[in-house]
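# Commentary on secondary and tertiary structure
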Amino acid sequence: MWQWLRRRTARPGLEAEVLRGAPLRARIKTYSSANGHVYQYVYRGWLSLAAGPNVLTGLEYVFHINPSAGAAGRVTVQLLDSEIAVCEKRIGRKLLDAERYAVAKLTLFAAFDDAEDSSALGRPIVPSAQRIQECLETLGRL
């Protein structure tokens, strides 16, 4: 039966995007940004960025937002392996999966605070190693 359902829901011509780590039930959360906008967001999960020559590797955290003024859409935060490695070398240990998610979420909040409107959130948000370390300090993980 499940195979039949998968065939019925598959869309021909489109690769299925496999998101991992998503909660069983999506929870709508609200964030009031420093610039006065209110965002509702849902965490959808993460996926690995493709590996290959001249291609960035890492994890991409996917959120769906619904700003108070503007169109709803998908916002992604990309934690690149190269930036994570620099940060891990500075702090002397590997980052936990929960810490990576927390960094992605704090990076999303900072983007909400900095964005003039939701159209500025259309491109992937990529924190630097310095920004990742600042997030860890905020979390009390250093």
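Check the entry above for the structure.
Below: a short report on this structure. Only a predicted model underlies this, so the values are computations on that prediction, with no experimental measurement involved.

Computed from the structure, the largest pocket encloses a volume of approximately 160 Å³. Every residue along the wall of the largest pocket is listed here: Thr107, Ala110, Ala111, Asp114, Ala115, Ala120, Leu121, Arg123, Pro124, Ile125, Pro127 and Arg131. Looking at which element gives the most residues to the lining of the largest pocket, the answer is helix α3 (residues 97-114), with 4 residues. Of the residues assigned to the lining of the largest pocket, the class counts are 8 nonpolar, 1 polar and 3 charged.

A few words on the pattern of salt bridges. A full pass over the atoms with the stated rule returns 6 salt bridges. A salt bridge links Arg131 to Glu134; the shortest N-O distance between them is 3.6 Å. Pair noted here: Arg131 and Glu134 are both in helix α4 (residues 129-139), with a separation of 3 residues, about one helical turn. Taking relative accessible area as the criterion, Arg131 reaches 27% and is therefore assigned partly exposed. By relative accessible area, Glu134 is classed as partly exposed at 33%. Taken together, the shared-partner salt bridges in this structure form one network comprising Glu88, Lys94 and Arg100.

Here we come to the pairing of strand β3 (residues 58-67). The buried count for β3 comes to 8 of 10 residues, which makes it a mostly enclosed element. Relative to β3, strand β2 (residues 38-49) runs antiparallel, the two being bridged by 10 bridges. The partner of Trp46 across the bridge, within β3, is Tyr61. Pairing geometry for β3 and strand β4 (residues 73-80), over 8 bridges, is antiparallel. Its bridge partner lying in β4, Phe63 is registered against Val75.

The rules behind the values
Residues numbered from 1 in each chain as written. Predicted model: local features only at pLDDT ≥ 70, side-chain atom pairs only at ≥ 80, totals over all residues. Heavy atoms only, no water. 1 Å grid on protein atoms, 1.4 Å probe; cavity = no way out; pocket = protein on both sides within 12 Å on 5 of 7 lines; lining within 4 Å. Points joined across faces, edges and corners; volume = space filled by probe spheres on them. Helix = DSSP H or I, 4+ residues; strand = E, 2+ residues; numbered from the N terminus. Nonpolar A, V, L, I, M, F, W, Y, C, P; charged D, E, K, R; others polar. Salt bridge = Lys/Arg side-chain N within 4 Å of Asp/Glu carboxyl O. Buried < 20%, exposed > 50% of the residue type's maximum accessible area, 1.4 Å probe, protein only. Pairing = 2+ DSSP bridges.

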